[in-house]
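Coordinates in review
Residues per chain are reported as follows:
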Amino acid sequence: MTAPAALVTGASRGIGALIAEKLATAGWDLTVSARSAGPLQERAAALAGHGGTVRAVTADMGSEEEVLALADAHVEAFGRVDALVLNAGMGSIGAIADFPARRFDKLYAVNVRSAFVLVQRLLPTLRTSAAGERGTAKVIAVSSLTGVAGEPLNSAYGASKAALTSLCETLNTEESEGGVTATAVCPGYVATDMTAPLADQVAPEAMIDAADVAELVVALTRLGRSVVVPSIPMTRPGPHLWRA
Ligand SMILES: NC(=O)c1ccc[n+]([C@@H]2O[C@H](COP(=O)([O-])OP(=O)(O)OC[C@H]3O[C@@H](n4cnc5c(N)ncnc54)[C@H](OP(=O)(O)O)[C@@H]3O)[C@@H](O)[C@H]2O)c1
């Protein structure tokens, strides 16, 4: 069997880096992406040490042109996409009362629009991959618990993640009978660079371990085509099931 191939966005650090690491260890070929070339190249070199082919492509998810070029580079390199991991994202908090609308647009572009464009561009390849020996192709979005249950200061971020989760749901309704299925993984606070500024409010030890999110994502890639898992909330231990 040919090695499966995945495209992982936001793979230079945090949750995405761990997803790429676990996939590389499991024998996957990879395209990894982020904006900063240096850390991405470094990660890609380490991933290639597991024996698979690894392609590093810099792309800003805020640029449609770069998002399309990323999708095309992956198809050109591997000709298949067994898993599309929509992980790159940005956070930004602030009360609705004075959150700048332009910032809202930026969050939407990076967190949702890029995902839509990637899915659309890669759909023909996702379909042919799902019709191949594996029988399925997975789209896995790293969404957020704030997209499941609203939280103060997260109007734009939460709305963007709720939209991302909805995109996965709709994709399932349109494509799952052909073997292309989607899951939105929705964690609460995960200890990464993104949440480092919150360390005085929630200790990193009390946050979800990024390795646990990556483990769940990789487990989803092992499922067959008989099941659709639209979304999975992931919450921290404690009395508040729906609080990030
Ligand atoms: N940490 C949490 O508490 C948490 C909770 C729920 C969901 N999430 C989601 O999980 C995903 C990963 O977050 P993380 O915590 O692992 O973040 P992180 O540690 O800050 O890593 C973010 C990754 O995405 C890349 N990235 C950021 N902005 C990008 C852009 N505009 N275009 C392309 N790549 C970009 C970064 O590389 P460059 O900076 O070089 O581009 C990096 O590789 C995000 O979608 C986030 O919203 C995080």
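Each remark here, short or long, concerns the structure printed above.
**What to know about the overall build of the chain**
Secondary structure summary: the chain contains 6 helices and 7 strands in total. Ordered by position in the sequence, the α and β elements of the chain form the string β-α-β-α-β-α-β-α-β-α-β-α-β. For 244 residues, the compact-globule formula gives about 18 Å, and the C-alpha radius of gyration of the chain, at 17 Å, lands near that figure. Projecting the C-alpha coordinates of the chain onto the three principal axes gives extents of approximately 50 × 40 × 35 Å. Expressed as a percentage of its 244 residues, the buried residues of the chain come to 49%.

**Remarks on the site of the ligand**
As a structural note, the neighbourhood of the ligand is formed by 29 residues, with Ser12, Arg13, Asn87, Tyr157 and Thr192 the closest of them. Between the ligand and Ser12 there is a distance of 2.7 Å, counted from an oxygen atom to a side-chain nitrogen or oxygen. Separating an oxygen atom of the ligand from a side-chain N or O atom of Arg13 is a distance of 2.7 Å. Alone, the ligand offers 890 Å² of accessible surface; in the complex the protein occludes 95% of this. Counting residues per element, the ones that place at least two in the shell around the ligand are helix H1 (14-25) and helix H5 (155-175). Looking at side-chain class alone, the shell around the ligand contains 13 nonpolar, 11 polar and 5 charged residues.

**Remarks on a nonpolar patch on the surface**
A surface patch of nonpolar side chains, about 310 Å² in accessible area, is lined by Val148, Leu241 and Trp242. If you trace the backbone, Trp242 turns up in the segment after strand E7 (231-234).

**A short note on the packing of aromatic side chains**
As enumerated under the stated definition, the model contains 1 aromatic pair in all. Summarising the aromatic geometry, the rings of Phe104 and Tyr108 are spaced 5.3 Å apart at their centres and angled 15° between planes, so their arrangement reads as stacked. Placement of the pair is Phe104 and Tyr108 together in helix H4 (residues 101-130), with a separation of 4 residues, close to one helical turn. The class for Phe104 is partly exposed, based on a relative accessible area of 31%. Classification of Tyr108 as partly exposed rests on a relative accessible area of 30%.

**Points about the environment of Leu107**
Within the secondary structure layout, Leu107 lies in helix H4. Residue classification places Leu107 among the buried residues on the basis of a relative accessible area of 0%. In the structure, Leu107 is positioned 87 residues away from Ala20 in sequence and 24 Å away in space, judged by C-alpha atoms. Among all residues touching Leu107, those that are not within four sequence positions of it are Met90, Gly91, Ser92, Phe99, Val112, Ala156, Tyr157 and Ser160.

**Some points on the side chain of Ser176**
Take Ser176: it is sitting in the loop between H5 and strand E6 (180-187). The class for Ser176 is buried, based on a relative accessible area of 18%. In this structure Ser176 touches Leu171, Thr181 and Val228, once residues within four positions along its chain are discounted.

**A few points about the sheet that holds strand E4 (residues 83-86)**
Here we have 7 strands laid out as an open sheet, ordered E3-E2-E1-E4-E5-E6-E7, and parallel in their pairing. Looking at strand neighbours, the two that pair on one side only are strand E3 (54-58) and E7, the edges of this open sheet. When the angles between neighbouring strand axes are averaged without regard to direction, this sheet yields 15°. The pairing of strand E1 (residues 5-9) with E4 spans 3 bridges and is classified as parallel. If you follow Val8 over to E4, its bridge partner there is Val85.

**Some words on the environment of Val228**
Locating Val228 in the fold gives a position in the loop between helix H6 (210-221) and E7. Through-space distance from the C-alpha of Val228 to that of Gly79 is 24 Å; in sequence the pair is 149 residues apart. Setting aside residues no more than four positions away along its own chain, Val228 makes contact with Asn172, Ser176 and Thr181.

Calculation rules
Residues numbered from 1 in each chain as written. Predicted model: local features only at pLDDT ≥ 70, side-chain atom pairs only at ≥ 80, totals over all residues. Heavy atoms only, no water. Helix = DSSP H or I, 4+ residues; strand = E, 2+ residues; numbered from the N terminus. Rg over C-alpha atoms; globule rule 2.2 N^0.38 Å. Buried < 20%, exposed > 50% of the residue type's maximum accessible area, 1.4 Å probe, protein only. Near = heavy atom within 4 Å. Polar contact = N/O pair within 3.5 Å; in protein donor to acceptor, adjacent residues only side chain to side chain. Areas by Shrake-Rupley, 256 points an atom, 1.4 Å probe, with all protein chains shown as cover. Nonpolar A, V, L, I, M, F, W, Y, C, P; charged D, E, K, R; others polar. Patch = residues over 30% accessible without salt bridge, like charges linked within 9 Å, V, L, I, M, F, W, Y side chains within 5 Å. Salt bridge = Lys/Arg side-chain N within 4 Å of Asp/Glu carboxyl O. Phe/Tyr/Trp six-rings, centres within 6.5 Å; stacked < 30°, edge-to-face > 60°. Contact = heavy atoms within 4.5 Å. Pairing = 2+ DSSP bridges. Axes fitted to C-alpha atoms, helices over the stretch in contact; angles between N-to-C directions.

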